[in-house]
Each structure stands twice: as C-alpha cells, then as structure tokens.
Amino acid sequence: MSWLGAGIGAGIGLMFGGPIGAALGAWVGSSFGSGLKRVGHNAALGRDGAQAVFIVTVFSMLAKMAKADGQVSRAEINLIEEFIANNLRLGAEDRKQAIQIFQNAKSDGYSIYDYAEQYQQLVRNQAMREMVYRLLFAVAHADGELHAAEEDILRRIPEYLGLHASIFAAMEGEFGRRGPAATGTLEQHYAVLGCSPDTSDRDLKLAYRRKAAEFHPDKIASKGLPEEFMRYAEDQMKSVTVAYDTIMEARKSRAVS
C-alpha cells in the first residue's frame with residue numbers, strides 16, 4: 001500500500017477544514033469514500049498523520065506554484081511529473097496519488113499562501129516547514145531558471161510558513177548556483193544558520209548544533225517526512241554543516257590577517 005493509502009488505512013484520514021482538509025478530503029473522497037474524523041487546528045498529529053498532511057500540502061502547493069502565471073501549462077505538468085519520477089523516484093501508485101492531489105488543487109479556491117499558513121498552524125516543527133519550502137525551491141529551479149512569478153512566491157511565502165525571510169537568500173545561494181553549497185556568499189551561509197556576522201562564535205556553534213539536530217535524518221523522519229523525501233533532509237543537513245564550516249574558516253582567516 002502507498003504512503004497516503006497506508007495513513008488513511010491506519011485511521012489517519014483526518015479532516016481539518018481549510019485548504020489542507022479540503023485537499024485531503026477531495027483525495028480521500030475519490031479513493032476511500034467518506035468517514036473522516038474532524039479535528040481542530042490544535043490537534044496533535046501522529047507520525048502517519050503528519051506524513052499525510054505533508055504530502056498533501058507539498059503537492060497542493062506545487063499546483064499553486066505551477067499556476068502562478070495564470071494557467072498550468074503542459075510544460076509545467078511535465079516538469080512536475082519529471083520531478084516526481086526522477087527526484088522523488090515515486091512508485092507507480094504513489095505517483096498516481098501525487099498527480100491526483102496536484103490536479104485537485106489546481107482548481108480549488110485557495111491560494112498557496114492559504115496552504116502555507118494552515119501548515120504552519122498544524123505543524124509546529126520548523127524543520128518540516130523548511131522542508132516544504134526546500135521542495136518548492138527545488139521544483140522552481142528544476143528547469144534551470146527562476147521565473148518572476150515563482151520568485152515572488154518564494155520571497156513572500158516564508159512569512160506564511162513561519163520562517164525567517166533570510167531563508168530565501170540561503171536557498172537561492174544553494175539552488176541558484178547549481179553547485180556546491182560552499183560557493184554561496186557568507187551572508188547566505190549565515191542565513192542557513194539563522195545568524196548574522198555579529199553572532200559570537202559560541203552562539204554560532206549553538207545555532208549549528210541546534211540546526212544539525214533538527215535536520216538529522218532520524219529525527220526528521222520521526223516527524224513525518226516520507227522516505228522518498230529524505231534526501232532533501234540530508235541536503236539540508238549538508239548545507240548546515242557547510243555553512244558553519246565556511247563561516248568559521250572565514251573568521252579564522254580574518255583573525256590571522
């Protein structure tokens with residue numbers, strides 16, 4: 001059984017209302033019928049529930065991203081399908097479900113910001129919210145360039161996901177260059193750690209340890225990240241380590257010059 005089907009089969013078909021509830025309800029309604037349990041915004045999600053909500057949120061928001069310029073083109077659909085097949089390497093059933101979620105979200109009445117805002121309410125773990133943003137960035141850059149409508153979304157949406165605005169510079173430094181994370185500027189490396197040049201060495205190290213712990217594969221898997229998405233958590237972990245090492249090397253170089 002696929003990831004979303006397994007979650008619903010285990011009784012995790014939770015309907016929250018709002019855009020995520022509507023998207024999950026539309027998929028479940030077409031696949032499993034009714035019988036969803038309604039819960040409030042503050043309900044605690046188990047791992048399977050968090051995983052189902054993550055998947056529905058990601059592919060619904062990707063649909064909104066693709067529609068940012070007014071309509072979803074065949075080229076954009078092909079891009080999403082390539083991303084699913086090549087980057088996520090989903091099996092046939094999971095791919096079918098992802099496309100169904102994507103198609104349902106294209107015509108609903110919610111905006112990408114509505115999805116982001118509700119996801120922030122449902123998922124308190126910052127690492128999981130950063131993973132949603134990372135996936136949006138990955139797809140926006142999948143064709144080798146960042147279009148104006150995509151850039152506007154990526155600059156605005158951190159506020160709705162409860163993330164610091166500096167995360168745009170951090171991700172652009174990584175995805176925009178299509179090269180090793182070390183090629184980013186010091187400003188972008190500081191943004192990865194949520195720090196600034198004024199941060200002391202001690203506080204910088206604490207920030208690094210905190211971020212590294214958040215994105216450790218075992219920990220983020222326990223929060224509901226599906227196995228197929230795990231390499232994005234590993235990429236984030238590498239970015240955190242490279243950012244810290246690069247900043248410290250730059251500080252040492254200045255100290256001896």
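Structure's up top.
Residues numbered from 1 in each chain as written. Predicted model: local features only at pLDDT ≥ 70, side-chain atom pairs only at ≥ 80, totals over all residues. Heavy atoms only, no water.

Enquirer: What am I meant to see in the side chain of Glu 130 here?
Expert: Summarising the element assignment, Glu 130 is placed in helix H7 (residues 126-140). In this view, Glu 130 contacts Leu 163, Ile 167, Met 171, Lys 211, Phe 215 and Gln 236; residues no more than four positions away in its chain are not counted. (Helix = DSSP H or I, 4+ residues; strand = E, 2+ residues; numbered from the N terminus. Contact = heavy atoms within 4.5 Å.)

Enquirer: Looking at this structure, how should I read the packing of aromatic side chains?
Expert: Within the structure shown, the criterion is met by nine aromatic pairs. Measuring from centroid to centroid gives 5.8 Å for Phe 137 and Phe 175, while their planes differ by 25°, and the two rings are stacked. Highlighted residues: Phe 137 in helix H7 and Phe 175 in helix H9 (residues 167-175), separated in sequence by 38 residues. Judged by relative accessible area, which is 10%, Phe 175 ranks as buried. The structure contains a cluster of three or more aromatic residues connected by ring pairs, namely Tyr 133, Phe 137, Phe 168 and Phe 175. A cation over an aromatic ring shows up here: Arg 156 above the ring of Tyr 113, its NZ or CZ 4.3 Å from the ring centre. Against the face of Tyr 232 rests Arg 231, its NZ or CZ located 4.8 Å from the ring centre. (Phe/Tyr/Trp six-rings, centres within 6.5 Å; stacked < 30°, edge-to-face > 60°. Buried < 20%, exposed > 50% of the residue type's maximum accessible area, 1.4 Å probe, protein only. Lys NZ or Arg CZ within 6 Å of the ring centre and 35° of its normal.)

Enquirer: It is not clear to me how the nonpolar core should be interpreted in this structure. Could you clarify?
Expert: Across soluble globular proteins, nonpolar side chains show a tendency to be buried alongside one another. Within the largest apolar cluster, 63 residues are counted, with the highest numbers of intra-cluster contacts made by Phe 54, Phe 59, Tyr 133 and Ile 157. Among all residues touching Tyr 133, those that are not within four sequence positions of it are Leu 154, Ile 157, Pro 158, Leu 161, Leu 163, Ile 167, Phe 168 and Met 171. One finds Ala 170, Leu 193, Ala 243 and Met 248 within the second-largest nonpolar core, a separate group that totals 13 residues. (Core = buried A, V, L, I, M, F, W, Y, C linked by side-chain atoms within 4.5 Å.)

Enquirer: Looking at this structure, how should I read the layout of surface pockets?
Expert: To find leftover empty space, a probe the size of one water molecule is rolled over the atoms. By volume, the largest pocket is sized at about 370 Å³. Along its surface, the largest pocket is lined by 25 residues, and Ala 191, Val 192, Leu 193, Gly 194 and Lys 211 are the ones closest to its centre. For the lining of the largest pocket, the secondary-structure elements that each account for two or more residues are H7, H9, helix H10 (186-193), helix H11 (201-214) and helix H13 (230-256). Its residues assigned to classes, the lining of the largest pocket comprises 12 nonpolar, six polar and seven charged. (1 Å grid on protein atoms, 1.4 Å probe; cavity = no way out; pocket = protein on both sides within 12 Å on 5 of 7 lines; lining within 4 Å. Points joined across faces, edges and corners; volume = space filled by probe spheres on them. Nonpolar A, V, L, I, M, F, W, Y, C, P; charged D, E, K, R; others polar.)

All quantities given are derived from atomic positions and should not be read as evidence of function.
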